[in-house]
Amino acid sequence: MMALAHQLTPLAALLPLGVAFLLLALSHWLPPRTADVTSLIVAMGLVALCGWLALESLQGPIVHWFGAWTPAVSGKPGVILGIAFSVDPASAAVAAFCALLFAGSFVFAWGYFDKVHAHFHILMLLFLAAMIGFCLTRDLFNLFVWFELMGIAAFALTAYPLGKSSLEGAFNFTVTNALGSFLMLAGVGLLYARTGTLDFVTMGRVIASHPPDPVVAGGFCLVATALLTKAAIVPFHMWLSDAHAVAPSPVSVIFSGVMVSLGLFGLLKLVAIVFAGDPRVMMLVHVGLFWLGVSTAVVGGLMAWAQRHLKRLLAFSTIAHLGIMLIAVASVSTIGTEGFLVYLVGHGLVKGTLFMIAGILLARFNSVDEIELYGEERSLWPAGIAMGLAGLLLGGLPWGLLHDATDSVHAGSHGVAGALAIIVGTALTGAAVLRATGRIFLRWSGAPTVERIAPTEREREKGDRPLWLMLLPCVVFLAFTLLPTSLAESFVHSAATGVVSRVIPHEGGGTLAAAIMFALTILIPAASLLRRRPTRKFARGAVEAETAPFYALHVLHSGRVTDYVVWMMVGLAVLAGWLRFGW
Amino acid sequence: MNVLAWCVAAWLLGVGIYGIVTSRHYVHLIGCMTVCQSATYVLLLGIGFRWGAGPPIFYDHPPGTPAVDPVMQALVLTDIVVSASMTALLLAIALQVHKRRGTLDPQYLRPLRPRE
């Protein structure tokens, strides 16, 4: 079986690439539904293949050297000429999860892109191949190439509807992420200059055996900037709310569900395998990245609460949850990694569901503005139930994958700041989704305050798909999220140990924190939906005082790409300063 | 030589970023991005460079003659290909934006706008 797994490993990336090229070559002759069917089958097949690889690799990592250029070929120890895929349980499981989300998105987008031949499916398959390659590779430059391919496919998919907003969102997305990848390439160069290799494991060995080196630290800074930009961590996060709000909803499912969290997964792997031997970099990760995660969770939560455009709201909610995931990553421990992996899956499923529901609203009513849609959607009650349930799950409903993952993240992060950030991020995003659900599906209004000033827009998506077809992936995803983690506990543990084997002492679960979180998730939207329009002078003053800080946040998220680049440079300077002065 | 390459790379990156940040036109901004990218090329080629070494092509040299590091050149080459497609995509987007909004000034372009 192991030999077969060795043979099949490259197929995980080659299959979607090959099928994409075939579809492109034949797109003008194929009957209309072929692309839908083929890409769905490919995605399902990849779920099976990567899942099987994940189980096989439990006995030990499967390493496939392309073209049999194994380290032995060079004849010198430490000189590696080949490029390898290395399959460990965590990487293969994340790859399988990517494919699962794509399968859901393909079902959701059935017939959505009829007019454009198979081009949507081709881009999506390229995107999927890039993600799987990104998960499985163990060569730094190869990682960069998959990263770029992922980027290019994503940029094109965002600009796809050719609307005003989607073009500008795609432009902001492309400029910030492309700048990130330039920095990453420079970082790869610096790391190669010092270690003389691009293979993760060998690099890690070289770095651990030498005294701390500023060039290595600089290389880490640049590579981390690129990955944090992809993962939308404050202050690199500005592009995400633009891109995810304006991309077609089947694409946003992938963006928010897994593309951004892959940035953090890549960062975790690099930190654990390559940089674990550099105490300075590890200090930056433990302290610096932890605080970036804390601020991301808080900023994302506040901004999500202050939105009225549902897709933009979900985008900021993704930012908040990425902050929580970064808190887990920054602990670089087995328990934190367990939390991160389960969180990645749980969050991806819930966020995918929510973007699909936003897509259903767009398809039926050409709007996702919660104030405009007030009380319109009674006929869509199944979508309303799914959205309410997803909102509860997002806000810490004490059941299912996300809850268990949050517990592990709590256990991995010591200190009050981390716990508070997790509570704020989770509760505010859950509350925002529940508020929107109440307004849209239940006719609960409440006078809008902070969300009234938020940007919004009407848009249009193809609307003649049957409701049950669009709801099917939502229901399946929610059912997965509701499964108890205990079913896969031993797998998750060995997957986490395969990436990070550092065990830290921790107490079991933050029960109190979980209770506070869930109570806030219920109370905040309830208070907001019961509000009256302020008539008295005092009440008006209170509302103004409440709105002012949100107004400042809105101004900072200006939508101008030039500002975003300034923020990226500020972030890079913060990382570099942290390394240099280490406060 | 090496110090010079590092300085040139840093300078190009700085100028490029300054250009992006102060840009008033999308096409100018895309041009500035290519400048930033050139910075990484100079850096990479500087890293791979060796005094007195030839190109890493052994067609008319015996194997074993000193050559510059081919890995770095492969990195640059791969990235040129990727970046060409990225620039093309950005220019196409800029063209479409101009058709729809009538301007290419980043100060006036933002994806979603507040009501009123």
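Our subject in this report is the structure included herewith. (Residues numbered from 1 in each chain as written. Chains lettered and ligands numbered in written order. Predicted model: local features only at pLDDT ≥ 70, side-chain atom pairs only at ≥ 80, totals over all residues. Heavy atoms only, no water.)

What follows concerns the overall build of chain A. A count of helices and strands for chain A gives 22 helices and three strands. Here the C-alpha radius of gyration of chain A, 23 Å, is about what a compact globule of 583 residues would show, namely 25 Å. Along the first, second and third principal axes, the C-alpha set of chain A runs to 80 × 65 × 45 Å. Of all 583 residues assigned to chain A, the portion counted as buried reaches 65%. Taking as baseline every contact in chain A between residues at least 6 positions apart, the subset at least 24 positions apart corresponds to 85%. Put simply, chain A shows about 19,600 Å² of open surface, and 70% of that area lies on carbon and sulfur atoms. Here chain A contributes 33 positive and 29 negative side-chain charges, whose respective centroids are spaced 7 Å apart. (Helix = DSSP H or I, 4+ residues; strand = E, 2+ residues; numbered from the N terminus. Rg over C-alpha atoms; globule rule 2.2 N^0.38 Å. Buried < 20%, exposed > 50% of the residue type's maximum accessible area, 1.4 Å probe, protein only. Contact = heavy atoms within 4.5 Å. Areas by Shrake-Rupley, 256 points an atom, 1.4 Å probe, with all protein chains shown as cover. Lys, Arg positive; Asp, Glu negative; His and termini not counted. Charge placed at Lys NZ, Arg CZ, Asp CG, Glu CD.)

In this section: the pattern of salt bridges. Residues and elements named next belong to chain A. Going through the model one piece at a time under the given rule, you end up with 12 salt bridges over all chains. In this structure, E372 and R458 form a salt bridge, with 2.9 Å as the shortest nitrogen-oxygen distance. Of this pair, E372 sits in the loop between α14 (334-365) and α15 (381-394) while R458 sits in the loop between β3 (455-456) and α18 (467-482), and the two are 86 residues apart along the sequence. Classification of R458 as partly exposed rests on a relative accessible area of 49%. In this structure, R439 engages E451 in a salt bridge whose closest nitrogen and oxygen atoms are separated by 2.9 Å. Note that R439 is positioned in helix α17 (residues 416-442) and E451 in the loop between α17 and β3, a separation of 12 residues in sequence. (Salt bridge = Lys/Arg side-chain N within 4 Å of Asp/Glu carboxyl O.)

Helix α10 (residues 238-246) of chain A sits mainly inside the fold: nine of its nine residues count as buried. Residues M238(A), W239(A), L240(A), S241(A), D242(A), A243(A), H244(A), A245(A) and V246(A) constitute the buried set of α10(A).

On to the environment of L44(B), then. On the secondary structure map, L44(B) appears in helix α2 (residues 26-48). C-alpha of L44(B) to C-alpha of T34(B): the two residues are 10 residues apart in sequence and 15 Å apart in space. For L44(B), the contacting residues outside a window of four places in its chain are L185(A), G189(A), M72(B), L75(B) and V76(B).

A separate point is the environment of V492(A). Residues and elements named next belong to chain A. With respect to the secondary-structure elements, V492 resides in helix α19 (residues 489-499). Between the C-alpha atoms of V492 and L313, which are 179 residues apart in sequence, the distance is 31 Å. V492 has contacts with E338 and V342, leaving out every residue within four places of it along the chain.

Below, the discussion takes up the interface of chain B and chain A. Across the boundary between the two partners, chain B contributes 42 residues, which contact 56 residues of chain A. Both sides together, the interface formed by chain B and chain A hides about 4,300 Å², and carbon and sulfur atoms give 75% of it. Of all residues in chain B, P111(B), L112(B) and R115(B) give up the largest surface area on contact with chain A, accounting jointly for 18% of the area buried on that side. Between the two partners, chain B and chain A, sit one salt bridge. (Buried area = accessible area lost by both parts, 1.4 Å probe.)

This part covers helix α4 (residues 89-108) of chain A. For α4(A), spanning 20 residues, the distance from its first C-alpha to its last is 29 Å, which sits close to the expected 28 Å at 1.5 Å a residue. Burial within α4(A) is extensive, with 18 of its 20 residues counted as buried. (Expected span 1.5 Å × (residues − 1).)

For the structure on display, the rule yields 16 aromatic pairs over all chains. Both rings, one in F66(A) and one in F85(A), keep their centres 5.0 Å apart while their planes meet at 85 degrees; by these two values the pair is edge-to-face. Separated by 19 residues along the polypeptide, F66(A) in the loop between β1 (62-65) and β2 (84-87) and F85(A) in strand β2 bring together distant segments of the chain. Relative accessible area serves as the criterion here: at 28%, F66(A) is assigned to the partly exposed category. With 3.5 Å between their ring centres and 5 degrees between their planes, F171(A) and Y26(B) make a pair best called stacked. You can see F171(A) sitting in helix α7 (residues 164-195) and its partner Y26(B) sitting in helix α2, one on each of two chains. In this pair, the class of F171(A) matches that of Y26(B), namely buried. Each member of the aromatic cluster is reached from another via a ring pair, and the members are F102(A), F106(A), F127(A), F155(A), F173(A), W239(A) and F255(A). Sitting over the ring of W305(A), R435(A) keeps its end group 4.4 Å from the ring centre. In this structure, R465(A) packs its charged tip against the face of F108(A), placed 5.1 Å from the ring centre. (Phe/Tyr/Trp six-rings, centres within 6.5 Å; stacked < 30°, edge-to-face > 60°. Lys NZ or Arg CZ within 6 Å of the ring centre and 35° of its normal.)

Right, let's talk about the environment of G187(A) for a bit. Residue and element names in this part refer to chain A. Tracing the chain through its elements places G187 in helix α7. For the pair formed by G187 and I233, sequence separation is 46 residues and the distance between their alpha carbons is 19 Å. With near-sequence residues (within four places) excluded, G187 lies in contact with G219, L222 and V223.

So, on to the side chain of H321(A). Residues and elements named next belong to chain A. Take H321: it is sitting in helix α13 (residues 310-330). Under the relative-accessibility criterion, H321 is labelled buried at 0%. A distance of 2.8 Å separates polar atoms of two side chains, one belonging to H321 and the other to Y343. Not counting residues up to four positions away in its chain, the partners in contact with H321 are Y343, H347, K351, L394 and T429. (Polar contact = N/O pair within 3.5 Å; in protein donor to acceptor, adjacent residues only side chain to side chain.)

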